[in-house]
Amino acid sequence: IIARLTEPTLSGRVRLGITSEFASKLLPQVLGQFAQSYPHVALEVTSGLSKQLIQQADAFDVIIALTETANASRLPAEQWLELRQEPLVWVGNSESYLLPEPLPLVVAPDGCIYRRRALRALREAGISSRITYTNSDFSGLTAAIESSLGLTVLAQSTVPNHLERLQRGPNNVALPELGEVGVMLAMRATDNSAAQQLAQFIQERI
């Protein structure tokens, strides 16, 4: 409290790029706390696929993206900080056991790590699948799952409370393991004190 009261007033603009599922599930509270702590900082938040955010890196001061390796991005590896490793899980609703064959999938567009990991795991397990619905928006994907259009893959901590983590699919078929991905933070604007504070704020809370 003393530090907050005695530090200089922080102001400026921060452009944050973040994957849509983390923007929807994890960060509303964090960003709300930041906005209350630093009311003179203007936040501009853009959500999208990790691949898109990395490709448009120059448009952001801070990026939170999912990567299989930091070196796979278009940013120098030393600019990435791994916040944690996140397990990937299969997600459906209470009636997913009734889904038809081949296994219907609800996925983001091509280039999504989740999509690539799901298709590879199913292929290696010898499980036939088909893509029934594609949407890059997190709320659109979860709405499709609610409507029983198929299964999807999400980071474990971002699974909505009204959906279920699944280990088995239709006909009690065991679903393959999906492994983990890295939740990475990139600090792009080294001369932006507001951006530096936001990056530290997120790092301490995720």
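Quick look at the structure, then. Keep in mind it's a predicted model, so treat the numbers as computed, not measured.

**Things to note about the layout of surface pockets**
Right, on to step 1. One number sums up the size of the second largest pocket: a volume of about 160 Å³.
Right, on to step 2. Looking at the second largest pocket, the residues that line it are Leu 88, Val 89, Trp 90, Arg 165, Leu 166, Gln 167, Leu 175, Pro 176, Glu 177 and Leu 178.
Right, on to step 3. At three residues, strand β4 (residues 80–92) tops the list of elements feeding residues into the lining of the second largest pocket.
Right, on to step 4. The class makeup of the residues in the lining of the second largest pocket is seven nonpolar, one polar and two charged.

**Remarks on helix α3 (residues 27–37)**
Right, on to step 1. When we look at burial in α3, the residues that qualify are Leu 27, Val 30, Leu 31 and Phe 34. In an axial view of α3, the angular spread of the buried residues amounts to 95 degrees, which keeps them on one side of the axis. Away from its buried face by more than 90 degrees, α3 exposes Gln 29 and Gln 36.
Right, on to step 2. Of the surrounding elements, those touching the buried residues of α3 are β1 (12–19), α2 (20–25), β2 (41–48), β3 (62–67) and α7 (193–205).

**Describing the side chain of Thr 67**
Right, on to step 1. Its place among the elements puts Thr 67 in strand β3.
Right, on to step 2. Taking the relative accessible area as the measure of exposure, Thr 67 reaches 6% and is therefore buried.

**What about the pattern of salt bridges?**
Right, on to step 1. A complete count under the given rule lists four salt bridges for this structure.
Right, on to step 2. Arg 84 serves as the salt-bridge partner of Glu 86, at 2.9 Å between the closest nitrogen and oxygen.
Right, on to step 3. A residue is classified by how much of its surface remains accessible, and Arg 84, at 25% relative accessible area, is partly exposed.
Right, on to step 4. Between Arg 205 and Glu 204 there is a salt bridge, with its nearest N and O atoms 3.2 Å apart.

**Quick word on the side chain of Arg 117**
Right, on to step 1. Among the structural elements, Arg 117 can be located in helix α5 (residues 113–125).
Right, on to step 2. The buried category is assigned to Arg 117, whose relative accessible area is 9%.
Right, on to step 3. Sequence-distant contacts of Arg 117, that is, excluding residues within four places in its chain, are made with Glu 68, Leu 88, Leu 178, Gly 179, Glu 180 and Val 181.

**Looking at the pairing of strand β7 (residues 152–155)**
Right, on to step 1. On β7, burial covers both faces: Thr 152 and Leu 154 on one face and Val 153 and Ala 155 on the other are all buried.
Right, on to step 2. Pairing between β4 and β7: four bridges, direction antiparallel. When the sheet's bridge partners are listed, Leu 88 is paired in β7 with Ala 155.

**Some words on the nonpolar core**
Right, on to step 1. Core analysis: the largest hydrophobic core is formed by 56 residues, its most contacted members being Val 62, Trp 90, Tyr 114 and Ile 202.
Right, on to step 2. In terms of residue count, α7 provides more of this core than any other element does, six residues in total.
Right, on to step 3. Of all hydrophobic cores here, the second largest spans nine residues; its members include Phe 60, Trp 80, Met 184 and Ala 186.

**Considering the packing of aromatic side chains**
Any pair of aromatic rings gets described here by the distance separating the centres and the angle formed by the planes.
Right, on to step 1. Tallied over the full model, the rule gives two aromatic pairs.
Right, on to step 2. Between Phe 34 and Phe 201 the ring centres are 5.3 Å apart and the planes differ by 80 degrees, which places this aromatic pair in the edge-to-face class. On the criterion of sequence distance, the pair formed by Phe 34 in helix α3 and Phe 201 in helix α7 is long-range, its members being 167 residues apart. Phe 201 matches Phe 34 in its accessibility class, with the two residues each being buried.
Right, on to step 3. Through successive ring pairs, a cluster of aromatic residues spans Phe 34, Tyr 38 and Phe 201.
Right, on to step 4. For the cation-ring pair, Arg 205 lies above Phe 201, with the distance from its terminal atom to the ring centre recorded as 3.5 Å.

The rules behind each value
Residues numbered from 1 in each chain as written. Predicted model: local features only at pLDDT ≥ 70, side-chain atom pairs only at ≥ 80, totals over all residues. Heavy atoms only, no water. 1 Å grid on protein atoms, 1.4 Å probe; cavity = no way out; pocket = protein on both sides within 12 Å on 5 of 7 lines; lining within 4 Å. Points joined across faces, edges and corners; volume = space filled by probe spheres on them. Helix = DSSP H or I, 4+ residues; strand = E, 2+ residues; numbered from the N terminus. Nonpolar A, V, L, I, M, F, W, Y, C, P; charged D, E, K, R; others polar. Buried < 20%, exposed > 50% of the residue type's maximum accessible area, 1.4 Å probe, protein only. Arc of directions from axis to C-beta. Contact = heavy atoms within 4.5 Å. Salt bridge = Lys/Arg side-chain N within 4 Å of Asp/Glu carboxyl O. Pairing = 2+ DSSP bridges. Core = buried A, V, L, I, M, F, W, Y, C linked by side-chain atoms within 4.5 Å. Phe/Tyr/Trp six-rings, centres within 6.5 Å; stacked < 30°, edge-to-face > 60°. Lys NZ or Arg CZ within 6 Å of the ring centre and 35° of its normal.

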